[in-house]
Amino acid sequence: MKKIFGILMILAILAFAGSALFAADATVTYVSGKVEVQRGSSWVALKVGDLVHPSEVVSTGFQSEAKVKLADSIMYMGPLTRVTLEQLSSTESQDNVNVYLKTGAVRSQVNHKDNKRVNYQVRTSVAVASARGTNYSVSGDGTVIGYSGVIAVAAVPAAADTDTGAGETPASEESGTSDGTAAAAPAAKPVLLKANQSLKVTASGSISAPVNTTVQAAATAVSAVSTASAKESVSSAASAASTSTVTSTAAAAAASAVETPATAEETKTGLKISVTLE
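What counts, and where the lines are drawn
Residues numbered from 1 in each chain as written. Predicted model: local features only at pLDDT ≥ 70, side-chain atom pairs only at ≥ 80, totals over all residues. Heavy atoms only, no water. Helix = DSSP H or I, 4+ residues; strand = E, 2+ residues; numbered from the N terminus. Buried < 20%, exposed > 50% of the residue type's maximum accessible area, 1.4 Å probe, protein only. Contact = heavy atoms within 4.5 Å. Areas by Shrake-Rupley, 256 points an atom, 1.4 Å probe, with all protein chains shown as cover. 1 Å grid on protein atoms, 1.4 Å probe; cavity = no way out; pocket = protein on both sides within 12 Å on 5 of 7 lines; lining within 4 Å. Points joined across faces, edges and corners; volume = space filled by probe spheres on them. Nonpolar A, V, L, I, M, F, W, Y, C, P; charged D, E, K, R; others polar. Phe/Tyr/Trp six-rings, centres within 6.5 Å; stacked < 30°, edge-to-face > 60°. Lys NZ or Arg CZ within 6 Å of the ring centre and 35° of its normal. Core = buried A, V, L, I, M, F, W, Y, C linked by side-chain atoms within 4.5 Å. Pairing = 2+ DSSP bridges. Polar contact = N/O pair within 3.5 Å; in protein donor to acceptor, adjacent residues only side chain to side chain. Salt bridge = Lys/Arg side-chain N within 4 Å of Asp/Glu carboxyl O. pLDDT = per-residue confidence, 0-100.

Undergrad: For the overall build of the protein, give the residues involved together with the corresponding values.
TA: In terms of helices and strands, the protein carries 5 helices and 19 strands. A burial count over the protein gives 41% of its 278 residues as buried. Contacts spanning at least 24 positions in sequence make up 55% of the contacts within the protein whose residues lie at least 6 apart. For the protein, the exposed surface amounts to about 14,100 Å²; the carbon and sulfur share of it is 59%.

Shown next, in the form of structure tokens:
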């Protein structure tokens, strides 16, 4: 009887060890410009290969960017961005990543390896984006863009609007401040954002309907020109693109419809910026 009890205890311990959460660190894989991590009351410069621990705040300066490996996933930080790594933990079957974005913009490449489930969330003061897909970006103003897969987007309840990224702003960064306004209660259920779509969550808690990024690109091109005939030409050129992306041919055709070279370049650039990044 004692032998059987001992075997059962060993099996229980092994099962617990296999499913227990363990904290992990993030690894910096790319740095350009001024990238810092807050440790205590000081800001420390980060370089490739450095580790970022859970609860630490990472900040990029003007014209600076970084890539951080979170478990098997990658987070790209644009210029003037500040994030807090709220959670990074793993089991044999699941990775858990929670990031708080205070300012700027991040793009996440969520990777599923070894049949692991990935619970990956990016939260701002107004929105929470949970990855059911693999590739999306979130901006501090509540804009979410899907590049592949499906992303569940919800408004943040007022009680959940807390700033975990406290601390002094680095001298090298002038990225603005958050007004700390609490968001309204979330909708009954999250809005599902598909590939090549974008939406925006406002401070009042409302979520805009998903819009195809090609439509946004066409609108950008039309707004860049001044005459009705040019607008019609640009609209026709933009509509020639596929529903998933605006091709370079369409961008060039749209630009050629504008009267001046400067405006044409502005139109062409506007198209490129608004479309999905392949």
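Undergrad: Talk me through unusual backbone geometry; I want residue IDs and the actual numbers.
TA: Phi angles above zero are rare outside glycine, and Ala71 is one such case at about 60°. Relative to the helices and strands, Ala71 is located in the loop between strand S7 (65-70) and strand S8 (73-77). Unlike most non-glycine residues, Leu80 shows phi in positive territory, near 50°. Inspection of the secondary structure puts Leu80 in the loop between S8 and strand S9 (82-90).

Undergrad: Talk me through empty space enclosed by the protein; I want residue IDs and the actual numbers.
TA: Unfilled space is identified by rolling a water-sized probe across the atoms. If you walk through the whole model with that rule in mind, you get 1 cavity of 30 Å³ or more. At the level of secondary structure, the elements contributing two or more residues to the lining of the largest cavity comprise S7 and S9. The biggest single contributor to the lining of the largest cavity is S9, with 3 residues. Within the lining of the largest cavity, the residues separate by chemical class into 9 nonpolar, 1 polar and 1 charged.

Undergrad: So, the packing of aromatic side chains: which residues are in play, and what are the values?
TA: Scanning the model with the defined rule gives 1 aromatic pair in all. With a centroid separation of 6.4 Å and 85° between ring planes, the pair formed by Tyr120 and Tyr136 is classed as edge-to-face. Within this pair, whereas Tyr120 is found in strand S12 (residues 117-123), its partner Tyr136 is found in strand S14 (residues 135-139), the two being separated by 16 residues in sequence. Positioned above the aromatic ring of Tyr147, the side-chain terminus of Arg107 is 3.6 Å from the ring centre.

Undergrad: Describe the nonpolar core, and please don't skip the residues or the numbers.
TA: Within the largest apolar cluster, 37 residues are counted, with the highest numbers of intra-cluster contacts made by Leu70, Met75, Tyr120 and Tyr136. The contacts of Met75, once residues within four sequence positions are left out, are Ala66, Lys67, Val68, Leu70, Val83, Val99, Val106, Arg107, Ser108 and Tyr120.

Undergrad: Lay out the sheet that holds S8 with the relevant residues and their values.
TA: The strand order S5-S2-S7-S8-S11-S14-S15-S18-S19 describes an open sheet built from 9 strands, whose pairing is antiparallel. Strands at the two margins of the open sheet, each flanked by one partner only, are strand S5 (51-52) and strand S19 (211-212). Pairing between S8 and strand S11 (residues 105-109): 4 bridges, direction antiparallel. When the sheet's bridge partners are listed, Ile74 is paired in S11 with Gln109.

Undergrad: Give a description of the environment of Ser89 that names residues and reports values.
TA: Within the secondary structure, Ser89 sits in strand S9. The buried category is assigned to Ser89, whose relative accessible area is 7%. A distance of 3.3 Å separates polar atoms of two side chains, one belonging to Ser89 and the other to Gln87.

Undergrad: Account for the pattern of salt bridges, naming residues and giving values.
TA: Counted under the stated rule, the structure contains 5 salt bridges. For Glu86, the salt bridge goes to Arg123, with nearest N and O atoms at 2.7 Å. Of this pair, Glu86 sits in strand S9 while Arg123 sits in strand S12, and the two are 37 residues apart along the sequence. Residue Glu86 is classed as partly exposed on the basis of its relative accessible area, which comes to 27%. Between Asp141 and Lys200 there is a salt bridge, with its nearest N and O atoms 3.9 Å apart.

Undergrad: Go over the confidence of the model for the protein with me, naming the residues and quoting the values.
TA: Per-residue confidence for the protein averages 72 on the pLDDT scale, and 56% of its residues sit at or above 70. Predicted confidence in the protein is weakest over helix H5 (residues 261-274), with a mean pLDDT of 36, and strongest over strand S6 (residues 57-60), with 97. Contacts from residues 12-19, a stretch scored under 50 in pLDDT, to residues over four places away or in other chains number 2 contacts.

Undergrad: Can you lay out the environment of Tyr100 for me, pointing to particular residues and giving the numbers?
TA: If you trace the backbone, Tyr100 turns up in strand S10 (residues 94-103). Linking Tyr100 and Val122, residues 22 residues apart in sequence, is a C-alpha distance of 5.9 Å.

Undergrad: Can you lay out the pairing of S14 for me, pointing to particular residues and giving the numbers?
TA: Counting buried residues in S14 gives 4 out of 5 residues, a clear majority hidden from the surface. Looking at chain direction, S14 and strand S15 (residues 143-148) are connected through 4 bridges and run antiparallel. Residue pairing in the sheet places Ser137 in a bridge with Ile145 of S15. Between S14 and S15, which follow one another and run antiparallel, lie 3 residues, and Gly142 among them has a positive phi close to 95°.

Undergrad: Run through the pairing of S8, naming residues and quoting values.
TA: Burial along S8 is one-sided: Ser73, Met75 and Met77 are buried, while Ile74 and Tyr76, pointing the other way, are not. Where S7 meets S8, 5 bridges bridge the pair, whose relative direction is antiparallel. Within S8, the position partnered with Ala66 by the bridge is Met77. Counting the residues that bridge the hairpin from S7 to S8 gives 2 residues, and of these Ala71 lies at a positive phi of roughly 60°.

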